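Structural overview for review
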Amino acid sequence: MRSRDTVELGVDTENTTGALALYEKLRMTPHQAIDTWQLRTRTAPWTAGQDSAP
């Protein structure tokens, strides 16, 4: 059996469940931070499920 000296876990730091506090309590520390950006656009004029616009 192999042993590991580190493990990684992805966490949403804005999650309101308290997960981040739990990991910090277990002495886990940040290794990498990633910001994800999203732009919501208007809904297409055609019905969802169609293959293309009219």
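The structure reproduced in this document is the subject of the present report. Since the model is a prediction, treat every value here as computed from it, not as a measurement. Residue indices begin from 1 for each chain and proceed along its sequence in written order. Residues qualify for local features only when their pLDDT is at least 70, as the model is predicted, and side-chain atom pairs are given and counted only at 80 or more; totals for whole chains, interfaces and linings, by contrast, use all residues. Hydrogens and water molecules were not included; the side-chain quantities draw on all heavy atoms of the structure.

Helix numbers and strand numbers start at the N terminus; a helix is a DSSP run of H or I with at least 4 residues, a strand a run of E with at least 2. Scanning the protein for helices and strands turns up one helix and zero strands. Residue burial in the protein is summarised as follows: out of 54 residues, 2% are buried. In short, Shrake-Rupley with a 1.4 Å probe defines the accessible areas, and a residue's cover is counted only from the protein chains shown. Looking at the protein as shown, the accessible area adds up to about 6300 Å², and 50% of this sits on carbon and sulfur atoms. In this scheme, a residue with accessible area under 20% of its type's maximum is buried, one over 50% is exposed, and one in between is partly exposed, where area comes from a 1.4 Å probe on protein chains only.

Bringing unusual backbone geometry into the picture now. A positive phi is found at Arg27, a non-glycine position, where the angle reads about 65 degrees. Secondary-structure assignment places Arg27 in the segment after α1 (19–25).

A surface patch of nonpolar side chains, about 590 Å² in accessible area, is lined by Val7, Leu9, Val11, Leu20, Leu22, Leu26 and Met28. With respect to the helices and strands, the residue Met28 is situated in the segment after α1. Patch membership needs two things, relative accessible area over 30% and no salt bridge, and members are linked within 9 Å if like-charged or within 5 Å if nonpolar (Val, Leu, Ile, Met, Phe, Trp, Tyr). The salt bridge definition used is simple: a Lys or Arg side-chain nitrogen within 4 Å of an Asp or Glu carboxyl oxygen.

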